[in-house]
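Spelled out, the chains give:
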Amino acid sequence: GHDEWRPFALAIKSGESALAVRRRIFTAFEAAELEQVSTKREAWLNFVIVGGGPTGIEMAGQIAELARDASGVLRLYFRAGKSSVCWHTSMSLHG
């Protein structure tokens, strides 16, 4: 890991930490739904996943699935819209 990233990111090291990440994602959807300014709404829906390994790719896939699932999450957060959700994956080229 990169200890210098710890203040800015949530690590998934346990079931409890995975639930904390899930809560942050849903909080972002909720904040985007309440936000009146479109640029601020888009900021809430911009996710960065650091790590291109299995966990990072799985996380990116889960966020994408949430964004496409119009019958589930987006039914609750209809104003945000699935086209507004953006995710990025990043992988370090050196250890």
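An account of the accompanying structure is given in this report. Owing to the predicted nature of the structure, the values given are computational and were not obtained by experimental measurement. (Residues numbered from 1 in each chain as written. Predicted model: local features only at pLDDT ≥ 70, side-chain atom pairs only at ≥ 80, totals over all residues. Heavy atoms only, no water.)

Broken down by element type, the protein chain carries four helices and two strands. Walking the protein chain from its N terminus toward its C terminus, one meets helices and strands in the order α-α-β-α-α-β. The contacts of the protein chain with a sequence gap of at least 6 include a subset with a gap of at least 24, amounting to 59%. With the model as given, the accessible surface of the protein chain reaches about 6,800 Å², and the carbon-plus-sulfur share is 57%. (Helix = DSSP H or I, 4+ residues; strand = E, 2+ residues; numbered from the N terminus. Contact = heavy atoms within 4.5 Å. Areas by Shrake-Rupley, 256 points an atom, 1.4 Å probe, with all protein chains shown as cover.)

What follows is about helix H1 (residues 15-34). If you check H1, its first and last C-alpha atoms are 29 Å apart, about what 20 residues at 1.5 Å a residue would give, namely 28 Å. Of all the positions in H1, only Ser17, Val21, Ile25, Phe26, Ala28, Phe29, Ala31, Ala32 and Glu33 are classed as buried. (Expected span 1.5 Å × (residues − 1). Buried < 20%, exposed > 50% of the residue type's maximum accessible area, 1.4 Å probe, protein only.)

This brings us to the environment of arginine 68. Inspection of the secondary structure assignment puts arginine 68 in helix H3 (residues 54-68). For the pair formed by arginine 68 and valine 85, sequence separation is 17 residues and the distance between their alpha carbons is 9.2 Å.

Let's shift gears to H3. With 15 residues, H3 ought to run about 21 Å at 1.5 Å a step, and its terminal C-alpha atoms sit 21 Å apart, in line with that. Where H3 is concerned, the buried positions are Gly56, Met59, Ala60, Ile63, Ala64, Leu66 and Ala67. What you see down the axis of H3 is that its buried residues fit within an arc of 160 degrees, all on one side. H3 presents Pro54 and Arg68 as exposed residues on the side facing more than 90 degrees away from its buried surface. (Arc of directions from axis to C-beta.)

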